Amino acid sequence: MKKRLIEIIVCPECRGELSLNVTLLEGEEVKDGLLACKGCGKSYPVRDYIPRFVSMDKYVDTFSFEWNKFYDVQMDIINNTDESEKTLRWKAGWRPEDLKGKLVLDIGVGSGRFADIVSMWGGEVVGIDLSFAVDAAYKNIGNRHNVHIIQADIFNLPFRKETFDNMYSIGVLHHTHDTRQAFSKVVPLLKKGGEFAVFLYALGHYHYFSDIWRKITTRLPIKLMYYLSAVAVPLYYIHKIPFLGKAAQFLLPTANWSKWKWRWLDTFDWYTPKYQWKHTWSEVYRWFKDAGFRDMELYDDGKDSALTQICMKGKKI
Ligand SMILES: C[S@@+](CC[C@H](N)C(=O)[O-])C[C@H]1O[C@@H](n2cnc3c(N)ncnc32)[C@H](O)[C@@H]1O
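This is a predicted model, so every value here is computed, not measured. (Residues numbered from 1 in each chain as written. Predicted model: local features only at pLDDT ≥ 70, side-chain atom pairs only at ≥ 80, totals over all residues. Heavy atoms only, no water.)

Trainee: Please explain the overall build of the protein chain as it appears in this structure.
Mentor: Broken down by element type, the protein chain carries 13 helices and 11 strands. Taken over the C-alpha trace, the protein chain has a radius of gyration of 20 Å; the compact-globule value for 317 residues is 20 Å, and the two agree within 12%. Dimensions of the protein chain, computed from C-alpha atoms along their principal axes, come out at roughly 65 × 40 × 35 Å. Per-residue burial over the protein chain gives 52% buried out of 317 residues. Counting only contacts in the protein chain whose residues sit at least 6 apart along the sequence, the fraction spanning at least 24 positions is 67%. (Helix = DSSP H or I, 4+ residues; strand = E, 2+ residues; numbered from the N terminus. Rg over C-alpha atoms; globule rule 2.2 N^0.38 Å. Buried < 20%, exposed > 50% of the residue type's maximum accessible area, 1.4 Å probe, protein only. Contact = heavy atoms within 4.5 Å.)

Take a look at the structure:
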């Protein structure tokens, strides 16, 4: 944690100012310490460089496992790729000049693949996550001068109203117990005139069978699911066989990326989370409209992605 973060965060319980007591400082980074609220007196540890506003990962233990196992798989900076940068561009419609010099909130940072891009583009990014994915994100990008990583719950975030210039949440809100409530909780944190971009799963027939499989897979031990998800790696070749491939993919949908580790990761990511809601474009459009957003933009990659994903951005008025 950088000392500068104290200017951005507040007590999640009473919105009081926090004071920082440093136990161990390494260069610019507070490794261990305590944040105490000057208002209500509650305190929160800084442990292993990360302020922790939750003590457990609650229902997102699968993500704690996932992002620490696969911490490097989708990181452009580690793999010398531009996959995550391209994805951020088309899912949120931003260019580097849109985020340069801006304070940006990454809601559900995971291992930090998109926060990596925002910081490279010159934005100051705050990445929050309920799971221990924050440890993976810190390992990947946490010690950059313009990156802050915080472990906290979307439903009780440690920020004042209208703190951020822009915000995004990619593949996250539908993994909470209530997507719309999660959306409503974060909107006040955005400044007027700021943009909010979300990526959510779309309601459609493609997940008919996976919804049935998930009734079983979400109950299996995480470690077992880690190994079972590896079936996605060779299934990729079966999916290329005419007719048989399409049938196999419909009956047992698995990730189909050309990179084998991505297939493993994304199949685990699909079958393990406790919550996985799907929505319609019109539903999400209404959330934006009702929350006071205008100029909504929709994004798709021109390859039928709109059937499975909703990418939408709006400007807060
Ligand atoms: C599919 S991952 C996406 C991570 C990242 N946005 C990405 O695209 O790589 C979903 C993330 O949402 C986080 N998450 C789910 N519920 C949350 C909550 N209530 N508060 C904060 N993070 C949450 C999970 O811990 C997980 O890391």
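Trainee: Help me understand the packing of helix H1 (residues 61-69) against helix H12 (residues 260-271), please; the structure alone is not making it clear to me.
Mentor: A pair of packed helices can be characterised by two numbers: the angle between their axes and the separation between those axes. In the contact formed by H1 and H12, the axes pass within 10 Å of each other and the chain directions differ by 175°. Taken together, the axis directions place H1 and H12 in an arrangement best described as roughly antiparallel. In this structure, H1 contributes Thr62, Phe63, Phe65, Glu66 and Trp67 to the contact, and H12 contributes Leu265, Phe268 and Asp269. Considered class by class, the residues forming the contact of H1 with H12 number 5 nonpolar, 1 polar and 2 charged. (Axes fitted to C-alpha atoms, helices over the stretch in contact; angles between N-to-C directions. Parallel < 35°, antiparallel > 145°, perpendicular 65-115°, else oblique. Nonpolar A, V, L, I, M, F, W, Y, C, P; charged D, E, K, R; others polar.)

Trainee: What should I look at first to understand the packing of H1 against helix H6 (residues 133-142) in this one?
Mentor: Close contact between H1 and H6 brings their axes to 7 Å; oriented N to C, the two are set at 25°. Here H6 runs roughly parallel to H1, going by the angle between their axes. Here H1 contributes Phe63, Ser64, Trp67 and Asn68 to the contact with H6, which in turn contributes Ala133, Asp135 and Ala136. When the residues that make up the contact of H1 with H6 are grouped by side-chain class, the tally is 4 nonpolar, 2 polar and 1 charged.

Trainee: I keep staring at the nonpolar core and nothing clicks. Help me out?
Mentor: Nonpolar side chains in soluble globular proteins tend to be buried together. In terms of nonpolar packing, the biggest core is built from 48 residues, with Leu88, Trp94, Val118, Ile149 and Tyr168 touching the most fellow members. A domain split of this core shows at least three residues from each of domain 2 (56-202 + 278-316) and domain 3 (205-271). In this structure, valine 118 is in contact with Leu88, Leu99, Val104, Gly123, Val125 and Tyr168, ignoring residues within four places of it in sequence. Ranked by size, the runner-up nonpolar core spans 44 residues in total, among them Leu5, Ile9, Val187 and Leu189. (Core = buried A, V, L, I, M, F, W, Y, C linked by side-chain atoms within 4.5 Å. Domains from an automatic or database assignment.)

Trainee: Looking at this model, I keep getting lost on the domain arrangement of the protein chain. Mind explaining?
Mentor: Per the domain assignment, the segments of the protein chain are domain 1 (1-52), domain 2 (56-202 + 278-316) and domain 3 (205-271). With centres defined by C-alpha atoms, the gap from domain 2 to domain 3 works out at 24 Å. Listed per partner, the contact involves 18 residues of domain 2 and 15 residues of domain 3. For the pair domain 2 and domain 3, the summed buried surface comes to about 1700 Å²; carbon and sulfur atoms form 69% of the total. Our count for the contact surface shared by domain 2 and domain 3 stands at 2 salt bridges. The closest approach of N and O atoms between lysine 278 and aspartate 211, which form a salt bridge, is 2.7 Å. Applying the counting criterion to the domain 2 and domain 3 interface returns 3 residue pairs in polar contact (both at pLDDT 80 or more). The leading source of residues in the side of domain 2 that touches domain 3 is H1, at 7 residues. Here the residues of the side of domain 2 that touches domain 3 sort into 8 nonpolar, 4 polar and 6 charged. (Buried area = accessible area lost by both parts, 1.4 Å probe. Salt bridge = Lys/Arg side-chain N within 4 Å of Asp/Glu carboxyl O. Polar contact = N/O pair within 3.5 Å; in protein donor to acceptor, adjacent residues only side chain to side chain.)

Trainee: Looking at this structure, how should I read the pairing of strand S8 (residues 164-170)?
Mentor: A regular strand places its side chains so that they alternate between the two faces of the sheet. Counting buried residues in S8 gives 6 out of 7 residues, a clear majority hidden from the surface. Strand direction decides the pairing type here: S8 and strand S9 (residues 190-201), joined by 6 bridges, are parallel. Directly across from phenylalanine 164, in S9, lies its bridge partner leucine 190. Read from S8 through helix H7 (residues 179-186) to S9, the crossover connection turns out right-handed. (Pairing = 2+ DSSP bridges. Right-handed = clockwise from strand over helix to strand, strands pointing away.)

Trainee: Explain the site of the ligand here, please?
Mentor: The environment of the ligand is formed by 22 residues, the closest being Tyr59, Gly108, Asp129, Asp153 and Ile170. A distance of 2.9 Å is found between a nitrogen atom of the ligand and a side-chain nitrogen or oxygen belonging to tyrosine 59. Isoleucine 170 places a main-chain nitrogen or oxygen 2.8 Å from a nitrogen atom of the ligand. When the ligand sits alone it has 600 Å² of accessible area, and the protein chains cover 97% of it. (Near = heavy atom within 4 Å. Areas by Shrake-Rupley, 256 points an atom, 1.4 Å probe, with all protein chains shown as cover.)

Trainee: So what exactly am I meant to see when it comes to the pattern of salt bridges here?
Mentor: Opposite charge on two side chains allows them to pair when their charged atoms are near. All chains considered together, the criterion is met by 15 salt bridges. Among the ionic pairs, lysine 2 bridges to glutamate 29, the shortest N-O distance being 2.9 Å. One end of the pair, lysine 2, is in the segment before strand S1 (18-26); the other, glutamate 29, is in strand S2 (residues 29-37), and 27 residues separate them in sequence. Comparing lysine 2 with glutamate 29 shows no difference in burial state: the two are buried. With a closest N to O distance of 3.1 Å, glutamate 85 and arginine 89 form a salt bridge. Of this pair, glutamate 85 and arginine 89 are both found in helix H3 (residues 83-92), 4 residues apart, which corresponds to roughly one turn of the helix. Glutamate 85 gets classed as partly exposed once you look at its relative accessible area, which sits at 24%.

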